[in-house]
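Listed here are the chains, written in short residue letters.
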Amino acid sequence: MGQDQTKQQIEKGLHLYQSNQTEKALRVWMRVLEKSADPAGRFRVLGCLITAHAEMGRYKDMLKFAVVQIDTARELEDPDYLTESYLNLARSNEKLCEFQKTISYCKTCLNMQGTTVSLQLNGQDYEKALFFPCKAAELVNDYGKGWSLKYRAMSQYHMAVAYRKLGRLADAMDCCEESMKIALQHGDRPLQALCLLCFADIHRNRKDVQTAFPRYDSSMSIMTEIGNRLGLIQVLLGVTKCWMIQKELDKALESIEKAQELAEGLGNKLGLLKLHCLCERIYRTKGQQRELRDHVVKFHECVEEMELYCGMCGESIGEKNNQLQALPCSHFFHLKCLQANGTRGCPNCRRLSVKPGYV
């Protein structure tokens, strides 16, 4: 298969994939991979296979194609191809919760000239958390029907999460229902699991724990199937909060124990911080002072390790909804603290920062 035919077949697969004929698209791309003599075409089709398997939750297959793509990139002897393939390898390991390998591959990318890697911040500024998915949804609508529904589904899901945290539960439910509808149409198992988790969280916020529990169970089943251990921690956190609403504190502690085992195995410090916060509330209610002090200390240790505090006022970030802002040097602060500081620069690194950027 030559270069032109390879390109035509890749486009055919993309058309099938966007029209929700996923299995047919995969067969077309696999045929290209087997028969194409064009290395650049093989690299591109491997990228399609990596993305498709990521969206279906087939993370081990995603990793397999990412490894093949690395070999193809080396054959092409092009630094841009090699950078992209290392990023795909990092993404694959991230999905499988192999974070040390993920960091290693990201560092490899950073050492390649002209490469940038973006990082996500887990602070709490719900207005900004809502702004970005709303903007994504707006862009999807502007591009029209030809634009992939998968992007619309993800933007609607993230809007649902932000609306829920802002207490706008009706809006959250509407967005989550639309996202779930698209996820079901496309057989997107990872997104289905996230939507079920969001549905459960919405019902929990409404104090309807009897409706929340089966949705947590369904989400946990899919998370287990696709190997999303980070997602399992989030499910167990939600289940814990349901038991706390029902004042079943011993059952809440059982869920925390399961989540803590997962979080420690993954080195998930943010998950551990949330678990220590819940334990603090439980042991305060039970009046067990020794355990309470233990988890208060561990909570603050997590805050220090993750530097989740404002560099100006010293208050921890993430315990409540605050307006946050980041400077170009990547240090972040409470917006009110930055405004009080004026344009004197970053107190952490002493760089002058006239134009702050948004987190």
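Residues numbered from 1 in each chain as written. Predicted model: local features only at pLDDT ≥ 70, side-chain atom pairs only at ≥ 80, totals over all residues. Heavy atoms only, no water.

## Looking at the overall build of the protein
When its secondary structure is counted, the protein shows 16 helices and 2 strands. The buried share of the protein, reckoned over its 359 residues, is 45%. Across the protein, every contact between residues at least 6 apart in sequence was considered, and the portion connecting residues at least 24 apart equals 54%. Total accessible area computed for the protein in this model is approximately 19,600 Å², and 49% of it derives from carbon and sulfur atoms. (Helix = DSSP H or I, 4+ residues; strand = E, 2+ residues; numbered from the N terminus. Buried < 20%, exposed > 50% of the residue type's maximum accessible area, 1.4 Å probe, protein only. Contact = heavy atoms within 4.5 Å. Areas by Shrake-Rupley, 256 points an atom, 1.4 Å probe, with all protein chains shown as cover.)

## Considerations on the environment of Pro39
Tracing the chain through its elements places Pro39 in helix H3 (residues 39-55). On the basis of relative accessibility, which here comes to 23%, the residue Pro39 falls in the partly exposed class. Spatially, the C-alpha atom of Pro39 lies 6.6 Å from that of Thr72, the residues being 33 residues apart in sequence. Not counting the four nearest positions on each side in its chain, Pro39 is found in contact with Thr72, Glu75 and Leu76.

## Observations concerning the packing of H3 against helix H4 (residues 59-76)
At a closest axis distance of 9 Å, the pairing of H3 and H4 adopts a crossing angle of 160 degrees. Between H3 and H4, the crossing angle belongs to the class labelled roughly antiparallel. Helix-helix and strand crossings are classified by hand; for H3 and H4 the assignment is left-handed. Judged by residue contacts, Pro39, Ala40, Arg42, Phe43, Leu46, Gly47, Leu49, Ile50, His53 and Ala54 of H3 engage Tyr59, Asp61, Met62, Phe65, Ala66, Val68, Gln69, Thr72, Ala73, Glu75 and Leu76 from H4. Of the residues in the contact of H3 with H4, the class split is 14 nonpolar, 4 polar and 3 charged. (Axes fitted to C-alpha atoms, helices over the stretch in contact; angles between N-to-C directions. Parallel < 35°, antiparallel > 145°, perpendicular 65-115°, else oblique. Left-handed = near helix turned anticlockwise from the far one by under 90°. Nonpolar A, V, L, I, M, F, W, Y, C, P; charged D, E, K, R; others polar.)

## As for the confidence of the model for the protein
Looking at the protein as a whole, the pLDDT averages 81, with 82% of positions reaching at least 70. Taken element by element, the protein is modelled with least confidence in helix H7 (residues 126-143), mean pLDDT 54, and with most confidence in helix H10 (residues 189-205), mean pLDDT 94. Confidence drops under pLDDT 50 across residues 143-147; counting only partners more than four residues distant or on other chains, this segment forms 2 contacts. (pLDDT = per-residue confidence, 0-100.)

## Regarding helix H2 (residues 22-35)
Compared with an ideal rise of 1.5 Å per residue, which puts 14 residues at 20 Å, H2 spans 20 Å between its outermost C-alpha atoms and is within 8% of the ideal. Buried residues of H2: Thr22, Ala25, Leu26, Val28, Trp29, Val32 and Leu33, and no others. Viewed end-on, H2 has its buried residues packed into an arc of 160 degrees, placing them on one side of the element. Pointing more than 90 degrees away from the buried face of H2 are the exposed residues Arg27, Glu34 and Lys35. Buried residues in H2 make contact with helix H1 (3-18), H3, H4 and helix H9 (169-186). (Expected span 1.5 Å × (residues − 1). Arc of directions from axis to C-beta.)

## What about the state of the cysteines?
Summed over the entire model, instances satisfying the criterion amount to 0 disulfides. Note on Cys198: no disulfide assigned, nearest cysteine sulfur contributed by Cys176 at a separation of 3.9 Å. Cys277 carries a free sulfur, and the closest cysteine sulfur to it, the one in Cys279, is 9.5 Å from it. (Disulfide = S-S within 2.5 Å.)

## Things to note about a negative patch on the surface
On the surface, Glu254, Glu257, Glu261 and Glu264 cluster together to form a negatively charged patch. Relative to the assigned elements, Glu257 resides in helix H13 (residues 249-266). (Patch = residues over 30% accessible without salt bridge, like charges linked within 9 Å, V, L, I, M, F, W, Y side chains within 5 Å. Salt bridge = Lys/Arg side-chain N within 4 Å of Asp/Glu carboxyl O. Lys, Arg positive; Asp, Glu negative; His and termini not counted. Charge placed at Lys NZ, Arg CZ, Asp CG, Glu CD.)

## Description of the pattern of salt bridges
In this structure the tally under the stated criterion is 10 salt bridges. The shortest N-O distance in the salt bridge between Arg284 and Glu280 comes to 3.0 Å. Of the two residues, Arg284 and Glu280 both sit in helix H14 (residues 269-286), 4 residues apart, roughly one turn of that helix. Given the relative accessible area of 49%, Arg284 is considered partly exposed.

## A word on the packing of aromatic side chains
According to the stated counting rule, one finds 4 aromatic pairs in the structure shown. Where Tyr17 meets Trp29, the ring centres are 5.7 Å apart and the plane angle is 50 degrees; that geometry is what we call tilted. Here Tyr17, found in helix H1, pairs with Trp29, found in helix H2; they are 12 residues apart in sequence, far enough to count as distant. Using a relative accessible area of 9% as the deciding quantity, one classes Tyr17 as buried. Residue classification places Trp29 among the buried residues on the basis of a relative accessible area of 1%. Stacked on the ring of Phe65, the Lys or Arg Lys64 has its end atom at 5.0 Å from the ring centre. (Phe/Tyr/Trp six-rings, centres within 6.5 Å; stacked < 30°, edge-to-face > 60°. Lys NZ or Arg CZ within 6 Å of the ring centre and 35° of its normal.)

## Re unusual backbone geometry
Glycine aside, residues mostly have negative phi, and peptide bonds are mostly found in the trans state. Within the chain, Lys207 stands out as a residue other than glycine whose phi angle is a positive 65 degrees. Examined against the element boundaries, Lys207 turns out to sit in the loop between H10 and helix H11 (209-226). Among the residues examined, Lys207 registers a relative accessible area of 58% and is labelled exposed. Even without being glycine, Lys247 reaches a positive phi, approximately 60 degrees. Structurally, Lys247 can be placed in the loop between helix H12 (229-245) and H13.

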